[in-house]
Structures are given as structure tokens and as C-alpha cells.
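Each chain, written out:
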Amino acid sequence: MSELSTHTLDVPGAVLTYDVRRPGAPGGHPPLFVLGSPMAASGFTQLLDHLDDRAVITYDPRGTERSTLAPDGEVSVELHADDFHRVARAARELVGDGPVDVFASSGGAVNVLPWVVAHPDELGTVVAHEPPLWALLEDREVQRKVTQDIVATYERDGFGPAMAKFIQLSMQGAPLTEDYLTQPAPDPAAFGLPTEDDGSRGDLLLDGNMRALPWFEPDLEALRATSVRLVPAVGELNPGTMPRRGGEALAAALGVEVITFPGDHGGFAANEWSPGNDPAAFAARLREVLAG
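Quick notes on the rules
- For every chain, the first residue of its written sequence is number 1, and the numbers climb from 1 along that sequence.
- Only residues with pLDDT of at least 70 are given local features in this predicted model, and only at 80 or more are side-chain atom pairs given and counted; all residues enter the totals for whole chains, interfaces and linings.
- Heavy atoms throughout the structure, all of them, feed into the side-chain values; hydrogens and water do not.
- A run of H or I in DSSP becomes a helix once it reaches four residues, and a run of E becomes a strand once it reaches two; helices and strands are each numbered from the N terminus.
- Residue burial is assigned from relative accessible area. The probe radius is 1.4 Å, only protein chains are included, and a residue is buried under 20% of its type maximum, exposed over 50%, and partly exposed in between.
- Side-chain atoms alone can form a polar contact between residues adjacent in sequence; in general such a contact is a pair of N or O atoms within 3.5 Å, and within protein one must be able to donate a hydrogen while the other accepts it.
- Contact criterion: two residues are considered in contact whenever any of their non-hydrogen atoms come within 4.5 Å of each other.
- The set of buried Ala, Val, Leu, Ile, Met, Phe, Trp, Tyr and Cys residues whose side-chain atoms join them within 4.5 Å is what this entry labels a nonpolar core.
- Here, axes are lines fitted to C-alpha atoms. For helices the fit covers the stretch in contact, and angles between N-to-C directions go from 0 to 180 degrees.
- To sort the angles, those under 35 degrees are grouped as roughly parallel, those over 145 as roughly antiparallel, those from 65 to 115 as roughly perpendicular, and the leftovers as oblique.
- In this classification, Asp, Glu, Lys and Arg are treated as charged, Ala, Val, Leu, Ile, Met, Phe, Trp, Tyr, Cys and Pro as nonpolar, and every other residue, Gly included, as polar.
- Definitions used for this entry: grid spacing 1 Å over protein atoms alone; cavity, a set of points where a 1.4 Å probe fits but cannot get out; pocket, an open set with protein on both sides within 12 Å along at least 5 of 7 lines; lining residue, one with an atom within 4 Å of a point.
- Grid points are joined across faces, edges and corners, and a volume is the space filled by probe spheres set on the points.
- The working definition used for a salt bridge is a side-chain nitrogen of Lys or Arg within 4 Å of a carboxyl oxygen of Asp or Glu.

**Focus on the side chain of Thr17**
Take Thr17: it is sitting in strand β2 (residues 14-22). A relative accessible area of 6% places Thr17 in the buried class. Reaching out from Thr17, the side chain makes a polar contact with the backbone oxygen of Arg66 at a distance of 3.2 Å. Those residues in contact with Thr17 that sit more than four places away from it in its chain are Thr6, His7, Thr8, Tyr59, Asp60, Arg66 and Ser67.

**Remarks on the nonpolar core**
Ranked by internal contacts, the top residues of the largest apolar core, which has 58 residues, are Phe33, Val102 and Trp115. Those residues in contact with Val102, other than ones at most four positions away along the chain, are Leu32, Phe33, Leu35, Val112, Trp115, Leu123, Thr125, Val126 and Val127. Residues Leu32, Val56, Val231 and Leu290 belong to the second largest nonpolar core, which totals 20 residues.

**Focus on the packing of helix α2 (residues 77-90) against helix α4 (residues 107-118)**
The N-to-C vectors of α2 and α4 enclose an angle of 70°; their axes lie 7 Å apart at closest approach. Classified by the angle between their axes, α2 and α4 sit roughly perpendicular to one another. Contacts from Val77, His80, Ala81, Phe84, His85 and Ala88 in α2 reach Gly108, Val110, Asn111, Val112, Pro114 and Trp115 in α4. Across the contact of α2 with α4, the residue classes break down as eight nonpolar, four polar and no charged.

**Looking at empty space enclosed by the protein**
Sizing a probe to match a water molecule and rolling it over the atoms shows the empty space that remains. Per the counting criterion, the structure on display carries one cavity of 30 Å³ or more. Estimates place the volume of the largest cavity at around 40 Å³. Along the walls of the largest cavity sit Ala88, Arg92, Gly96, Gly98, Pro99, Val100 and Glu122, which together make up its complete lining. Looking at the lining of the largest cavity residue by residue, the class counts come to three nonpolar, two polar and two charged.

**Examining unusual backbone geometry**
Across the junction of Ser37 and Pro38, the peptide omega takes the value 10°, indicating a cis bond. Inspection of the secondary structure puts Pro38 in the loop between β3 (32-37) and α1 (45-48). The residue Ser106 is not glycine, and still its phi comes out positive at about 55°. Mapping Ser106 onto the fold places it in strand β6 (residues 100-106). By relative accessible area, Ser106 is classed as buried at 17%.

**So, the pattern of salt bridges**
Scanning the model with the defined rule gives 18 salt bridges in all. A salt bridge links Lys145 to Glu178, with the shortest nitrogen-to-oxygen separation between them at 3.2 Å. Of the two residues, Lys145 is situated in helix α5 (residues 140-157) and Glu178 in the loop between α6 (159-170) and α7 (204-212); the sequence distance between them amounts to 33 residues. Salt-bridge contacts for Glu248 lead to Arg244; the nearest nitrogen and oxygen are separated by 3.1 Å. Remark: Arg244 and Glu248 occur in helix α9 (residues 242-254); sequence separation between them is four residues, near one turn of the helix. Residue classification places Glu248 among the partly exposed positions, given a relative accessible area of 32%. Salt bridges sharing common partners tie together Asp19, Asp60 and Arg66.

**Comments concerning α7**
Judged by how many residues are buried, α7 sits mostly within the fold: seven of nine residues are covered. Listing the buried residues of α7 in full gives Leu204, Leu205, Leu206, Gly208, Asn209, Met210 and Ala212. Here the buried face of α7 lies against β3, α2, α5 and α6. With a side-chain oxygen positioned 3.1 Å from the backbone nitrogen of Leu205, the residue opening α7 is Asp203.

These figures capture arrangement, not role.
Spelled out as C-alpha cells, the structure:
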């Protein structure tokens, strides 16, 4: 059985909550930092059940679940990367001083890239699973216009209408054209979302990631030269979707092979939307990839 401990860490503009799971018996593996954005630690529970052979760090991104964002706190790719760095250093007293491996999902797979550039000595293998890297996509200008519309919708109409547009965007299986911008807005009720605006704002995805991620430009020259083993990865399902194309584009830009994992964008968790995902198979594939 793993031993779980929970900690908080003050960082500029936020207070982060992170967890450390230590195996009951030493497995001889480097510690693993499992992270996402906007997904918090709770989203990886099914995966962690199958990774009890090594120490695992998880955390809640600034402004989500147990982690708080100060009234004047900011959200950016670079700040998330610095948060990763600070959490990993804080966890050293529990997991040891050596480099950590990383499994980074979705927005976390974008946010991890500045960490790779800034602190390569802290990292071993970094698996970047389905990073939505707007800058590397052929349809990036249309994609950016769509995300600007999602942010504007969130500001004007609230969570339901904006999230409906985000879900509709995530379902697209091919590059977007300008025609996408003229289609009718989706009905939030069709996705089980609220149609009324409750007045709340500050959602990390709609008010944070959608503002920051589309404009991030990865330092490809530094990533090609890094000593870190950076592994772009995609799910085997849903070809043509934007995050999958981001993973493929990152691999092409780095001149490496993209690695395929079981399942879809969130293949590490089975749920009502993706009941066919197999967390055990995903964990087995992750162990293979980390082992090199």
C-alpha cells in the first residue's frame, strides 16, 4: 500500500496543494510527477491506482479545487511551469533529490515545456500527452479566433454557453476553416450544461487556459537541444482532434517519433463519456515508455 501525504506551498500569486504517494516497498524507479491543466489531482485517481511501484507527486493547479489563486494572482504557461518546479523541489524531502519523471496531460503538456527549458537538471523523462499547441498547428489562426470567441462568450454569457462552445471545438476531427466561425452557437442543454448565467467567473479553463495557451510559442531550439528525454504522445482514438494534432506536431518539430497510448484524450480514466478507456492498460504503457 502507498503512503499518502498532502501539503501546501505558497508561491507567487497562489497557494498550491500537492500530494505525495510513497510506495510501501522501494521499486527502484525515479519519482513520477503526474500533472494536467486544468485537471487537478483528483482526475488522475484511476491511473494512480496502477502506479504503486514508485513515488508519485500530484497537485491541483493554481485556482482549481484545493489550490487557491490570490485576488491579484495571474495564470500563464510560464507561471504553471514555475509552479511545477517549486512543487517538485518542495517534494524532494519525501521523494529524494534526484530528477523526476513527468506525465503531463493536455494543458499540462504545454505548461511543462518551459520547465524543461528552464530546469533540465530536475527532469528525467517527460511524457507530453496530447498537448494543445496552437502555435504548431496549420489552422492556428482560426483556432485562436475560436478560443477568443469562447473567452468572450464566457465573459458575456457565463459558463454554460462558453463550455458548450469548448466541447464543440474539442469534438472537431479535422483542421478548422473560417467557415467554423459562422456556424450557430451550440445549445448548452444539449451537453447537460446550464443555460442560465449564475454570475460566477474565474474558471481556470475558460478564463485562464483559453487566454494563455493559444499564444504560447514553445522554444523549439531549446527543446531540441535539451538533455531531458521529451516524449510527445497521443491517444490512439479520435484522430484529427486538436490536442492529438498538437502532440503529432510537437514530435515532428522535435524530429522524434510520437508515442501512442491506449484510449482517448483522457485515456487514463474511464467515465460516462469514455467508458472504454482502460486505466490499467494506460498505466502499463506509461511504465513501458518511462523505462525507455
